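Now for the letters of each chain:
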Amino acid sequence: MIRNVIIIGSGPAGLTAALYTARANMQPLVIEGLEAGGQLMLTTLVENYPGYREGIMGPDLIADMRVQAEKFGAEIIQSQVTAVELCALPLVVRTAEAEFRARTVIIATGASARLLGLPSERTLMGHGVSTCATCDGYFFRGQEIAVVGGGDSAMEEALFLTKFATKVTVVHRRGTLRASKIMQDKARANAKIEWRLNAEVDQINDTTAGEVTSMMLRDVNTGARTELPVSGVFVAIGHTPNTSLFHGQIEMDANGYLLTHDGAKTSVPGVFACGDVQDHVYRQAITAAGTGCMAALDAERYLDGLPEHLQTA
Amino acid sequence: MAAENVQTFTDGNFEASVLKVGGPVLVDFWAEWCGPCKRLAPTVDALALDYGGKVTIGKLNVDENPYTTVKFNVRGIPALLLFKGGLVVDQVVGLMPKEDIKKVIDKYL
């Protein structure tokens with residue numbers, strides 16, 4: 001069986017592509033991936049998705065999108081893609097359990113949280129180091145913790161964590177924040193949030209004890225090292241695109257983001273990309289959904305343009 | 001919707017059901033409010049089927065069982081802790097594919 005379209009990923013981009021291709025009668029197969037639902041699953045209240053006047057919880061928004069796509073016949077399976085072969089038709093997508101063949105593939109694998117890359121960070125992951133405030137904030141009730149990063153996600157995590165922690169120190173290696181003005185203002189207005197700018201994380205203590213007791217910070221201007229006592233460190237320093245499957249097969253930029261042109265087309269005919277896997281600029285739920293729609297329409301047009309014998313094989 | 005062979009561990013039964021068990025025991029620390037935990041649940045169910053009889057597998061709700069959660073210093077979930085002979089011998093923090101979790105478990109069979 002050769003499918004019309006396989007969608008890899010199940011965040012807002014993948015699910016919107018599923019909705020549109022399902023309504024176009026393309027019977028999409030969605031392979032949802034390990035972090036099913038994408039980054040929205042780790043957020044709380046989403047206040048900037050149009051149509052929800054009171055905001056909506058990220059996981060609820062994803063649940064609605066899934067149901068809507070399934071209503072029109074999208075098939076969603078819980079599995080992870082382990083390999084792809086995109087050099088010839090049919091395109092081949094493999095998981096640990098099965099091999100699928102398709103005329104088009106829509107890549108919506110998104111991006112995952114980036115880590116600092118310190119050995120101590122890896123050792124203490126789950127024991128005080130975390131990349132998910134909504135998952136782990138609960139464990140730090142009444143304690144002093146730190147958030148590393150200066151973007152919108154760092155502000156959101158810091159604000160969320162003030163519900164549990166007595167003090168949240170935002171550690172950022174630059175003198176200015178990258179976060180949007182509205183998020184910065186919210187964070188600056190919160191009395192529980194303190195700031196350590198121009199500070200880089202050298203080390204997280206204490207790997208011997210198996211728990212976080214403090215972090216060593218280095219002032220990027222003076223080189224001075226100071227110790228910040230914290231029992232938790234939340235890393236929110238951005239994301240890396242999930243593109244390791246596609247190395248050597250699809251053109252990407254120096255940071256690993258898939259390159260698209262003329263809409264959602266990648267360098268490989270019949271392969272389209274949408275959402276954060278091809279966008280390091282906007283990275284919003286609504287832009288992911290928007291590009292998911294573009295990828296679906298582009299895939300539909302591509303399919304219509306295929307020679308007759310390839311359309312029905 | 002836990003599978004039948006997935007046990008429920010608590011502060012009350014942890015000693016008898018996990019620490020005193022001779023063979024390996026995999027404990028899934030989770031909470032109702034943790035999205036990734038829910039994503040991992042079907043994987044844990046599948047592992048319980050795959051290892052039926054060889055590895056004891058169960059779940060512990062961190063909200064309802066703070067004593068055990070603190071005792072083993074779990075401060076991030078989902079977390080799978082593998083016990084053998086009353087000690088933590090290995091662990092998996094965060095979402096991982098089933099095959100990767102199996103590689104960890106298989107080291108202790």
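Everything that follows concerns the structure shown earlier in this document.
A brief structural summary. Computed from a predicted model, the values in this text were never measured in an experiment.

1. Here's the deal with the overall build of chain B
- The secondary structure content of chain B amounts to four helices and five strands.
- In terms of overall size, chain B behaves like a compact globule, its C-alpha atoms giving a radius of gyration of 12 Å where 109 residues would be expected to give roughly 13 Å.
- For chain B, the C-alpha atoms occupy an extent of roughly 30 × 30 × 25 Å along the three principal directions.
- With 109 residues in all, chain B has 52% of them scored as buried.
- Across chain B, the fraction of contacts at a sequence separation of at least 24, relative to all contacts at a separation of at least 6, is 71%.
- Computed over 12 positive and 13 negative side-chain charges, the separation of the two mean positions in chain B equals 5 Å.

2. Focus: the sheet that holds strand E14 (residues 199-205) of chain A
All names here are of chain A.
- Taken in spatial order, the three strands make up an open sheet running E14-E15-E16, and their pairing is antiparallel. With one partner strand each, in any of the chains shown, E14 and strand E16 (225-229) form the two edges of the open sheet. The sheet shows a mean angle of 30 degrees between the axes of neighbouring strands, direction not considered.

3. Digging into the interface of chain A and chain B
- Residue-level contacts link 24 residues of chain A with 19 residues of chain B.
- Area buried by chain A at its contact with chain B is led by Leu34, His127 and Phe139 of chain A, which between them contribute 32% of it.
- Put simply, chain A and chain B have one salt bridge between them.
- Where chain A touches chain B, the interface holds 12 residue pairs in polar contact (both at pLDDT 80 or more).
- Broken down by element, the residue count for the side of chain A that touches chain B peaks at three residues, all from helix H4 (residues 133-136) of chain A.
- Residues belonging to the side of chain A that touches chain B are distributed by class as follows: 10 nonpolar, nine polar and five charged.

4. Some details on the state of the cysteines
- A full pass over the atoms with the stated rule returns two disulfides over all chains.
- Each sulfur in the disulfide pair cysteine 132 of chain A and cysteine 135 of chain A lies 2.2 Å from the other. Across the S-S bond of cysteine 132 of chain A and cysteine 135 of chain A the torsion is about 70 degrees, and the bridge reads as right-handed.
- The partner cysteine of cysteine 34 of chain B in its disulfide is cysteine 37 of chain B, sulfur to sulfur 2.2 Å. Looking down the S-S bond of the cysteine 34 of chain B and cysteine 37 of chain B bridge, the torsion is 85 degrees, so its handedness is right-handed.
- Cysteine 274 of chain A forms no disulfide, and the closest cysteine sulfur to it belongs to cysteine 293 of chain A, at a distance of 9.9 Å.

Here is what the cut-offs are and how they apply
Residues numbered from 1 in each chain as written. Chains lettered and ligands numbered in written order. Predicted model: local features only at pLDDT ≥ 70, side-chain atom pairs only at ≥ 80, totals over all residues. Heavy atoms only, no water. Helix = DSSP H or I, 4+ residues; strand = E, 2+ residues; numbered from the N terminus. Rg over C-alpha atoms; globule rule 2.2 N^0.38 Å. Buried < 20%, exposed > 50% of the residue type's maximum accessible area, 1.4 Å probe, protein only. Contact = heavy atoms within 4.5 Å. Lys, Arg positive; Asp, Glu negative; His and termini not counted. Charge placed at Lys NZ, Arg CZ, Asp CG, Glu CD. Pairing = 2+ DSSP bridges. Axes fitted to C-alpha atoms, helices over the stretch in contact; angles between N-to-C directions. Buried area = accessible area lost by both parts, 1.4 Å probe. Salt bridge = Lys/Arg side-chain N within 4 Å of Asp/Glu carboxyl O. Polar contact = N/O pair within 3.5 Å; in protein donor to acceptor, adjacent residues only side chain to side chain. Nonpolar A, V, L, I, M, F, W, Y, C, P; charged D, E, K, R; others polar. Disulfide = S-S within 2.5 Å.

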